[in-house]
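# Geometric and topological summary
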Amino acid sequence: MPSSNDWINNPLGVVEEMFVQSNSNPEWEAKVLEYFKGKLKEKQAYSWIPSLNDVPLHYLKPNSLVKFRCLVQDMFDPEFYMGVYETIDPSTKAKVLRFGKYKDVTECGVDLNSRNTVTAERQTFYCVPIPGETLWAFLNHSHTYARSSQARVVPSTSYIPSRQKRSYEEDDEMDTQPQKQREPHTELHANGDSKRQETEAPSGQTTSPSNASSPLDLNFPLPGERGPACLVKVYEDLDSFKLNDMLEVYGILSVNPLLSVLCEEKDPSASLLDPTESMETPEEQRAHDPPASLVPRLHMLHARPLQHNNPLLGVGKLYRNMETRGSQRDVLPLGKFTLNLSGCPPNSSFTESLHQVIQELVPCTYRLSMTLHNMNSLRLVPRKDYVANRLVSGALQLARNTSLVLDETRLEQGQLDASGVQNITALGNLISWQKVDYDFNYHQMEFPCNINVFVTSEGRSLLPSDCQVPLQPQVTPPNLEEYLSTVHKAQLTSQINKFRVYLSVAQTLDYSISDEVTKAVEDDFVDMRKDDPQSVSAEDLHRMLVVARLLSLSLGQTSLSREGWMRAKHIDMLRRTRSQPQTTVNGNEP
Amino acid sequence: MSSPTSTPGGRKRNRNDIPATPGSIGSTSPPSQRRRGQDSSNADLPAMPTSPATDIASPTVHDTSLFSSPRRSVLPSEVDMSSPLMYGTPSSRVEGTPRSGANETVLFREECTSTVFDLQTVASEPSVGQKLVIWGTDVNVGTCKEKFQRFLQRFIDPTSNEDENAGLDLNEPLYMQKLEEISVVGEPVLNVNCGHVQSFDADLYRQLICYPQEVIPTFDMAVNELFFERFPDSILEHQIQVRPYNALKTRNMRSLNPEDIDQMITISGMVIRTSQLIPEMQEAFFQCQVCAFSTRVEVDRGRIAEPAVCRHCNTTHSLALIHNRSAFSDKQMIKVQESPDDMPAGQTPHTTVVYAHNDLVDKVQPGDRINITGIYRAVPMRENPRQSNVKSVYKTHIDAIHFRKTDEKRLHGLDEEADQKLFTEERVKTLKELAAKPDVYERLSSALAPSIYEHEDIKKGILLQLFGGTRKDFSQTGRGNFRAEVNILLCGDPGTSKSQLLQYVFNLVPRGQYTSGKGSSAVGLTAYVMKDPETKQLVLQTGALVLSDNGICCIDEFDKMSESTRSVLHEVMEQQTLSIAKAGIICQLNARTSVLAAANPVESQWNPKKTTIENIQLPHTLLSRFDLIFLMLDPQDEAYDRRLAHHLVSLYYQSEEQIEEELLDMAVLKDYIAYARTYINPRLNEEASQALIEAYVDMRKIGSGRGMVSAYPRQLESLIRLAEAHAKVRFSDKVETIDVEEAKRLHREALKQSATDPRTGFVDISILTTGMSATARKRKEEVAQALKKMIQSKGKTPAMKYQQLFDDLRGQSEAAITKDMFEEALRALADEDYLTVTGKTVRLL
């Protein structure tokens, strides 16, 4: 193996070397970080590293450098570990200094009384793949890797074929069953890992007593999601991470089977006298120390916060900080735009088809079918489970800029129970304030979010919305699905890719309004109020400003022009008179 | 106590061994050493300080009576009760408790109970001169004890306002009074405020924080000596335990780090889970199956060394553990979560495990907010005999010494302490600078909800509400507390950002609650009793009003609230309490909350021709409880529209720095309010009282000229509150004339908006207090009189047609008479017993 890739294949070796060289000078830690950061900056270095997202776990080499594109689903308590410790060889009594950073398990013969022990702190994040990631985004992410890696760091020869096989499978599936998340059983992977079939447990299951045979709940936000969950050990800048952050984590993969052994060694008879035993319930044990074969550990060396999840945009291109639609001014969320498309045909697959189109365009989306049953039984709001000491995820725990499609046409008459009412309230809060109140049992905690909501309904939606547009189809093809699939096939992939990139880029553009246009808008507003003060309120102005912003951005303009404003006004007028529906899909996207 | 065989007499002698003054410990070996030489089997003092860990394990140190306090009067018990940290925590003693430095604390054998110092841990270190210190620390037992006794005997805190000290003479040594209390009450626990220790002797405090394991037992010793000297005849259940609390190093759970291990800390948090009681073995009792010889083995670091051979009959493996003769102590695991107030946004709360021992078990319940003082511990994962690798993670927990509930007091009395946010000097300086500015009031009000446009007076009103008035206690004169909280009602057209204002306030204040009238029931607002499914215990669950005690309860869609729910507010808004009588629980909870409510007009649009009451259809009894009622109307004015449009447009392209600036403002505003609420208690000065009296008289005069009353005592109270709040804004301890002026102005503004009689255009307070303006009432009377006259003029007709009478009256009257007015007039006459109405006929009586 070329030594130049040691930092990928054997990162711990690199760390070890630096540790030994440092001669117990604590600067070695900074050096390590510097080194890996430098290596990752190298051209294409990002793409050489295998990704936990698309390479099955057992094809990855333990203790190698891997990356993981994920959402921080839960943050566990900080833990103290032996940063540096000393071991004694039982035969020679020779003492050796070792480091515990980036490792789960110590070497043999730890001298617990050594004066050289350094205790350090780290935190564990429970990370899941980005919820609602669309197929094209997923495939493009993995292709980026497959294209450039060329088996350079492939640990196993059998890996490439199986990788491709999987993508073919998925491509087929895409045609027949585009609803990726809805069909958990269709895809049986070559690896057949049991975790692949494990899905979000139904609500209430978490309180059931644990037994070894019940499948581990991997706690994905959306029902039917798959993929590896991962315990990411974070060493630096603990405060800079937030719940629901999208990260690309570069770290050392640890699947040490000892981990599972160590935590299963629970002898009930011994627990009487051991204080550590009573600290954790079995549920907590399972949630915090799942077997490493199911939930690998990842010791973070570097993390790249993701502003978007669009693989088609080059790495580093969008590094700058951006304020997208959901900037917040005190409590007022600005620029959110919830579209309610009313007049949708009930009991048809209209919303599904619509969602397929959205899926083709945005990297993350989810369709929530608001059936009475779903509303009453789904868990939308994440809830703290104090028994297992973890945050049980809910469908509203989504990454930023996820498009959420609420299918209200599925809602039928009937009674909402308490949880149903809570769910509806949560959706309403999400739409009105762009926040979700996580349930911590004794109190609620508000987490701001940034989710684009799109509601389809038969009449006016029961949820609040910023803008309601009645659907008035101009073409009514006899067979909608057939029609859509022909439309879909007519699009070239390269063309669609351009759309995708365009949408993501447009979302991140800066936007401003010149003084001149401000004046024009003011004049307009005053004039409109003059004619009929009842017709235009501050809220209407808010909406028109948002529409104007989205319109300008959709044209790639970073500042509002007079024409843009007039057009926004015009569109709003049209919408009001309901003589003509707005362009349906892109109305939600900038 | 691990050697039950030792006699009381022996102990008494030991007491005499204790040097009277610390000075006697010095060049001579301490008395304890001599004693050891007399009776120990292993008399040699090992060369110090080599490896304490092995020393601890040595079987020689069973002499527990050293240094121990007189035990004459102490009831014999198998397990000695003393400071909780010293027993029952094998966890705390596992070797190699990590500390990031090499400075490893020597741990005591917990079976030695509290008051025994293992001699071998006492070593003379040349660097400290001749003094003997506990190995690994700089604590000299004698000095430490003497210092603490001096502290107990001399410490006086004349400014103390803790309620624990209620009834004590503040000019006498505080803790000596507490000892006296112990001798009377018999509860052998002495709570010591670390803040007191620090102000008395900073060095002692430092030692207490850094080496609690060593210092607290020394304190125990000192207290017991002192106590039994003073009250030699007292009988206590066990020795007095010293429980320090309020270590000034009070921390947020988040800021705990490896440096805090083995130190004494105080953290605040909320209890989320408590475990069952865990019996923890202290001493195992073994009996030989062959000869019935029995022996006791003490638990060492969670392990029992089972004797392999019976000492009596030399049979091997004949000893069996007898459970019910072994000694156990109580232990409980408690999980504590960070309180939501001190968490950074966007992160999940941290949790910490706490162990409570003996009588601290079951002291707290899930849901309690507590301050815990204890020792922070870290324990390596258990070494597995079969595995040479260890998980490199430590388990951390806190061994609790003291619990202090912070929410308990909230239900009972003023809780100044929990509110007390610590401000850095720098911060206080900035706040004071801000307060010194002449336009501070305007500045703050414009910093309030900057995204909401104009409505300056409303913002000023809300600002005053945030500061609140001064609390006055008249309970001794029978009137109870005067409310200090200002209540505000916003009513007006939909879409005038009332809800946003409410949301902003809710986000600004630490103890705010936000509810919507539509969605809340009386129970959700007040409190309800519920059966805990697990424990079958009845639990009082508090609702929004109680939860926002000392805060602000924001109620949106106030008009949509059901009648029964609203009725709950009557008590809360004036008496500031909530009475509950449900499921056998009768209690009165404090709900000293300000109410900020928003209501929409009934007809969805404000009807300027109607009064406030008619527009929002709220009972006037409730309305009169609001200090300020503002109308938020769409002004429909061009200049306003222009400014509004400009404001809104600018929201959409403001640079990030500008936003940053305003966010900073919000933090400053928060601190400013918190500071003023805690430290500023303005009182009326002479001029201000005069000004208030004049204002009130003026208000009443204005009305009386037209036969109306425009002020009631409630309005005067409102004025006082507002003036006080305005003084608070200025950080002034005196309410001055300018405060009264502003209060008057604001009150007038609000009245002008809400209590203007649409028929006459005059301000008429009776609209709010009686639900009807004086002119309306006058007109009603006039109509009734006219009707009466008309009927009388008709002569003796016992019965009349309803419709005909109505038509006649309309024909006769100059003013238009509606059917409503006619019916009201009929009702008025019926009340006078002049006539009765039956169906369509009117009969005279």
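The name recorded for chain B in an unreviewed UniProt entry is DNA replication licensing factor MCM4, from Esox lucius. Taken from UniProt, the Subunit (unreviewed entry) comment for chain B reads in full: "Component of the MCM2-7 complex." A UniProt comment under Catalytic activity (unreviewed entry) is attached to chain B, and it reads "ATP + H2O = ADP + phosphate + H(+)".

The name given to chain A in an unreviewed UniProt entry is Mini-chromosome maintenance complex-binding protein, and the organism recorded there is Esox lucius. Turning to chain A, the UniProt annotation filed under Subcellular location (unreviewed entry) states: "Nucleus".

### Some remarks on the overall build of chain B
Check the secondary structure of chain B and you find 29 helices and 28 strands. Across the 845 residues of chain B, 54% fall into the buried class. Counted over contacts in chain B with a minimum sequence separation of 6, partners at least 24 positions apart contribute 69%.

### A look at the sheet that holds strand E10 (residues 365–369) of chain A
Residue and element names in this part refer to chain A. Taking strand neighbours across the sheet as the criterion, the 5 strands line up as E10-E13-E16-E9-E17 in an open arrangement whose pairing is parallel. Among the strands making up the open sheet, the edge pair consists of E10 and strand E17 (467–470). Here the average twist between neighbouring strands, direction ignored, is 20°. Alignment of E10 against strand E13 (residues 402–407), held across 5 bridges, turns out to be parallel. Note that in E13 the partner of Arg-367 across the bridge is Val-405. Of the strands in this sheet, strand E9 (339–342), E10, E13 and strand E16 (451–456) are in contact with helix H10 (residues 350–361), which crosses E10 at around 170°.

### Quick look at the sheet that holds strand E26 (residues 799–801) of chain B
All names here are of chain B. In space, the 3 strands of this open sheet follow the order E26-E28-E27, with antiparallel pairing throughout. Each of the sheet's edge strands pairs with one partner strand only, and the pair in question is E26 and strand E27 (835–838). Each neighbouring strand pair of the sheet contributes to a mean axis angle of 25°, computed without reference to strand direction. As judged from the 4 bridges shared by E27 and strand E28 (residues 841–844), these two strands associate in the antiparallel manner.

Calculation criteria
- Residues numbered from 1 in each chain as written.
- Chains lettered and ligands numbered in written order.
- Predicted model: local features only at pLDDT ≥ 70, side-chain atom pairs only at ≥ 80, totals over all residues.
- Heavy atoms only, no water.
- UniProt positions renumbered as here; feature names shortened; annotations may be inferred.
- Helix = DSSP H or I, 4+ residues; strand = E, 2+ residues; numbered from the N terminus.
- Buried < 20%, exposed > 50% of the residue type's maximum accessible area, 1.4 Å probe, protein only.
- Contact = heavy atoms within 4.5 Å.
- Pairing = 2+ DSSP bridges.
- Axes fitted to C-alpha atoms, helices over the stretch in contact; angles between N-to-C directions.

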